[in-house]
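# Structural overview
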Amino acid sequence: MKGAWTNVAVVGEGAIGRSSHTLTCCDGVVFALGGEDKPRVVVPVELSVVELEGLASPAAKAKVLPTGMTLLGHAAEAVQGRLYVFGGRVGGKMGEGPESNAVLRLVTGGGEPPKFEEVAVTGDAAPCARSFHATSAVGASLFVYGGVAANGRKADLWRFDVGTLQWHVLCDESPAGVRGGAVLFSPTEDVVYVMFGFNGGELGSAWRYDVGAGAWTQLADPPTGGRSVVPHAASGNRLVVFGGESVPAVDGHAGAGSFHPDTWVFEYPGETWVSVDQQGDVPEPRGWCQMAALDANTYAVYGGLNTHNQRLADIKLLRLQAEE
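Throughout what follows, the structure given in this document is the object of discussion. (Residues numbered from 1 in each chain as written. Predicted model: local features only at pLDDT ≥ 70, side-chain atom pairs only at ≥ 80, totals over all residues. Heavy atoms only, no water.)

### Re the packing of aromatic side chains
- This model, assessed by the stated rule, comprises 13 aromatic pairs.
- Summarising the aromatic geometry, the rings of Phe 132 and Trp 288 are spaced 5.5 Å apart at their centres and angled 90° between planes, so their arrangement reads as edge-to-face. One end of the pair, Phe 132, is in the loop between β14 (115-118) and β15 (134-138); the other, Trp 288, is in the loop between β29 (277-280) and β30 (291-295), and 156 residues separate them in sequence. Like Trp 288, Phe 132 is buried.
- Between Tyr 145 and Trp 216, the ring centres sit 6.3 Å apart and the planes meet at 70°, which makes this aromatic pair edge-to-face. In this pair, Tyr 145 is assigned in strand β16 (residues 141-149) and Trp 216 in strand β22 (residues 215-218), connecting sequence segments 71 residues apart.
- Overall, the relative accessible area of 17% leaves Trp 216 in the buried class.
- By way of ring pairs, the aromatic residues Phe 185, Tyr 193, Phe 196, Phe 266, Tyr 268 and Trp 273 are connected into one cluster. (Phe/Tyr/Trp six-rings, centres within 6.5 Å; stacked < 30°, edge-to-face > 60°. Helix = DSSP H or I, 4+ residues; strand = E, 2+ residues; numbered from the N terminus. Buried < 20%, exposed > 50% of the residue type's maximum accessible area, 1.4 Å probe, protein only.)

### Digging into the sheet that holds strand β17 (residues 152-161)
- Taken in spatial order, the 4 strands line up as β15-β16-β17-β18 in an open sheet, and their pairing is antiparallel. At either end of the open sheet lies a strand with only one pairing partner, and these are β15 and β18 (166-171). The sheet shows a mean angle of 25° between the axes of neighbouring strands, direction not considered.
- Relative to β17, β16 runs antiparallel, the two sharing 8 bridges. The partner of Tyr 145 across the bridge, within β17, is Leu 157. (Pairing = 2+ DSSP bridges. Axes fitted to C-alpha atoms, helices over the stretch in contact; angles between N-to-C directions.)

### So, the sheet that holds strand β24 (residues 238-242)
- Strand order in the open sheet formed by 4 strands is β23-β24-β27-β28, and the pairing between neighbours is antiparallel. Sheet topology places β23 (232-235) and β28 (272-275) at the edges, where each strand pairs with a single neighbour. For this sheet the average axis-to-axis angle between neighbouring strands, irrespective of direction, equals 20°.
- Where β24 meets strand β27 (residues 263-267), 5 bridges bridge the pair, whose relative direction is antiparallel. Residue pairing across strands places Arg 238 opposite Glu 267, the latter belonging to β27.

### Quick look at the pattern of salt bridges
- This model, assessed by the stated rule, comprises 12 salt bridges.
- Linking Glu 99 and Arg 89 is a salt bridge whose minimum nitrogen-to-oxygen distance equals 3.1 Å. Of this pair, Glu 99 sits in the loop between β12 (89-90) and β13 (103-107) while Arg 89 sits in strand β12; the two residues are 10 residues apart in sequence, bridging distant segments of the chain.
- Taking relative accessible area as the criterion, Glu 99 reaches 25% and is therefore assigned partly exposed.
- Residue classification places Arg 89 among the buried positions, given a relative accessible area of 17%.
- For the salt bridge of Glu 271 with Arg 208, the shortest nitrogen-to-oxygen distance reads 2.6 Å. (Salt bridge = Lys/Arg side-chain N within 4 Å of Asp/Glu carboxyl O.)

### Focus on the pairing of strand β21 (residues 206-210)
- Where burial is concerned, most of β21 is hidden: 4 out of the 5 residues are buried.
- Sheet topology note: the strand β20 (residues 191-195)/β21 ladder contains 5 bridges and is antiparallel. Bridged to Met 195 within β21 is Ala 206.
- Here 4 bridges tie β21 to β22, and the two strands are oriented antiparallel to one another. In the sheet register, Trp 207 faces β22, and the bridge partner there is Gln 218.
- Counting the residues between successive antiparallel strands, the hairpin from β21 to β22 contains 4 residues, one of them, Gly 214, with a positive phi of roughly 65°.

Here is the structure:
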């Protein structure tokens, strides 16, 4: 499989250098949310939420949305045409702002400024506050795995139903183990994959959870090698991963480690990995950021952290093409 990378020149404000943010395509619009613009310093609230339009066209535009909210280490997913955010660290410097377990939803239209509202969750069960967790969305379900909580890394799997606004715990302690900065992939509401992540070292394992049976299966280790905080995005039965941390920083979150330079595609239901032959304006290796799927063959990556401990501000577009 070939993958052609191009640089996206964006007009407007807000596309600043950042890491630990999210990038999500919702109803044809890409949203960048939160993150940090310096080690342990959250992005200023006035630049936190950015709407990116036309990334696949020559007329890409960036527009800041004054929502009054900023986070880092959170997760954001498009569920049934709405942008949902779960968890993350709130407030100032890392370690000083509390972690959240709120579910937020972006509200737009009606002649009012866009804003995030906290969803009134029903029922008594809910995952604890956390950051750097993994999420995926399909149908009416938002799945959440692991992350970093006040008492350490987690190994639990949850499902949030946006129809009933209720949390369901699927597994309290997964055999996939504790991990932060992992990848979660749910091609259907019946199956969830947990891959990669960090538990003191970079993880290269992959697990499948069958929702109906409540059963875990360990898969053969991916040919990708271990990695965490991986830029990734899914569209239907396809998961795309680019880069990610290969060696952690010696000085923790204040520094930068080493990062993979490659792109891989995971296909369901065959559970096969394909290495992408990267061409064009290939992004420099990075991690601590996300990708957004514009469609099954088109993916965007924005920002992230490089090996020089720089927060990047570039936006790159990947177009996949099967080998003839």
